[in-house]
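# Structural features, examined
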Amino acid sequence: KKRVIRKQLLKEHDEFITFTGELIRFGREHQKELTYAVCAFFIIVIAVTAFRYVSNRAEDMASNLLKQAMQKYETRRSDTDAVKAFDEVGPEFERILEKYSNKSAGKMAGVIYANLNYEVGKTDAAINLYEEALKDAAASKRYRNLILSSLGYAYEKKNDLNAAVGYFQQIAEGNDTVVK
C-alpha cells in the first residue's frame, strides 16, 4: 500500500470546493437571469396563493348563504305553508345559483332548490335543475344515482311515465346497490 502524505492531499483538487466555485462563478455570470427567475417564481407562488384564497373564500361565502337560505326556509315553513316559504326563499337560492354555480355549495344549492321546486309542485323547474345537477354529478356515482332517482320521481309526478322509467332503469342497471 502506498501511503498518502498530508501535503499531497492538500495539493490535490477538492471536488466540493471546485463545484462550489463553479456554482458561484455561474451565479455571478448569470446574476440578472437568476434574479428574474427567482422573482418570477415568487410572483407565481403569490398568484396561486391569492387565487386559492379567493376561491376558498367564495366557497365559504356560498356555503354560508346556502345555510342561511335553508334556515330561513325552515323557519318560514314552520310559520306558513311550503308555497309561501318557497316564494320567500326562492330568490335567495337563485342568487346563489347565479353567483356560485361553479362552487360545490352552489351545486348543492341547485339540488336543494330542485327538491323545493318538486315539493311545491313546480316539476318543470325541478326537472331543469335536476338535469343541470346531473351534468355536474358525473364523477360521483352515488350522488348521480340520487339525482336520477329524483328525476324519475319528478317525471312520474308530471305523468311522463316513460321518462320516469328511463331514469329508474339507469339506476337499476348501475352498480350502486344502495340506491338500486
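Residues numbered from 1 in each chain as written. Predicted model: local features only at pLDDT ≥ 70, side-chain atom pairs only at ≥ 80, totals over all residues. Heavy atoms only, no water.

### Remarks on the pattern of salt bridges
- All told, the structure shown has seven salt bridges when counted by the stated rule.
- With its nearest N and O atoms 2.8 Å apart, the salt bridge here joins Asp124 to Lys158. Taken together, the positions of Asp124 in helix H6 (residues 123-136) and Lys158 in the loop between helix H7 (141-157) and helix H8 (161-172) put the pair 34 residues apart, joining distant regions of the chain.
- Overall, Asp124 belongs to the partly exposed group, its relative accessible area being 45%.
- One continuous salt-bridge network, built from bridges that share partners, spans Glu22, Arg25 and Glu29. (Salt bridge = Lys/Arg side-chain N within 4 Å of Asp/Glu carboxyl O. Helix = DSSP H or I, 4+ residues; strand = E, 2+ residues; numbered from the N terminus. Buried < 20%, exposed > 50% of the residue type's maximum accessible area, 1.4 Å probe, protein only.)

### Considerations on the packing of helix H2 (residues 15-29) against helix H3 (residues 31-79)
- Two numbers describe how H2 lies on H3: the axes approach to 5 Å, and their chain directions differ by 85°. The orientation of H2 relative to H3 falls into the category roughly perpendicular. On H3, the residues that touch Gly27, Arg28 and Glu29 of H2 are Gln31, Glu33 and Leu34.
- Among the residues forming the contact of H2 with H3, the class breakdown is one nonpolar, two polar and three charged. (Axes fitted to C-alpha atoms, helices over the stretch in contact; angles between N-to-C directions. Parallel < 35°, antiparallel > 145°, perpendicular 65-115°, else oblique. Contact = heavy atoms within 4.5 Å. Nonpolar A, V, L, I, M, F, W, Y, C, P; charged D, E, K, R; others polar.)

### A look at the packing of helix H4 (residues 82-100) against helix H5 (residues 104-119)
- Relative to each other, H4 and H5 sit at 150°, their axes nearing to 9 Å. Classed by the angle they form, the pair H4 and H5 counts as roughly antiparallel. Here H4 and H5 pass one another in a crossing that is left-handed. Here Phe86, Gly90, Phe93, Glu94, Ile96, Leu97 and Tyr100 of H4 lie close against H5, whose contacting residues are Gly106, Lys107, Ala109, Gly110, Ile112, Tyr113, Leu116 and Asn117.
- Here the residues of the contact of H4 with H5 are counted per class, giving nine nonpolar, four polar and two charged. (Left-handed = near helix turned anticlockwise from the far one by under 90°.)

### Let's talk about the side chain of Ser149
- Tracing the backbone shows Ser149 in helix H7.
- Owing to a relative accessible area of 16%, Ser149 belongs among the buried residues under this scheme.
- With residues up to four places along the chain from it excluded, the contact list for Ser149 reads Phe168 and Ile171.

### A look at H5
- Its 16 residues place the ends of H5 23 Å apart at the C-alpha level, agreeing with the 22 Å of an ideal helix rising 1.5 Å per residue.
- Among the residues making up H5, those that are buried are Ala105, Gly106, Ala109, Gly110, Val111, Ile112, Tyr113, Ala114, Leu116 and Asn117.
- Immediately beyond the C-terminal end of H5, within one or two residues, lies Gly121, with a positive phi of roughly 95°. (Expected span 1.5 Å × (residues − 1).)

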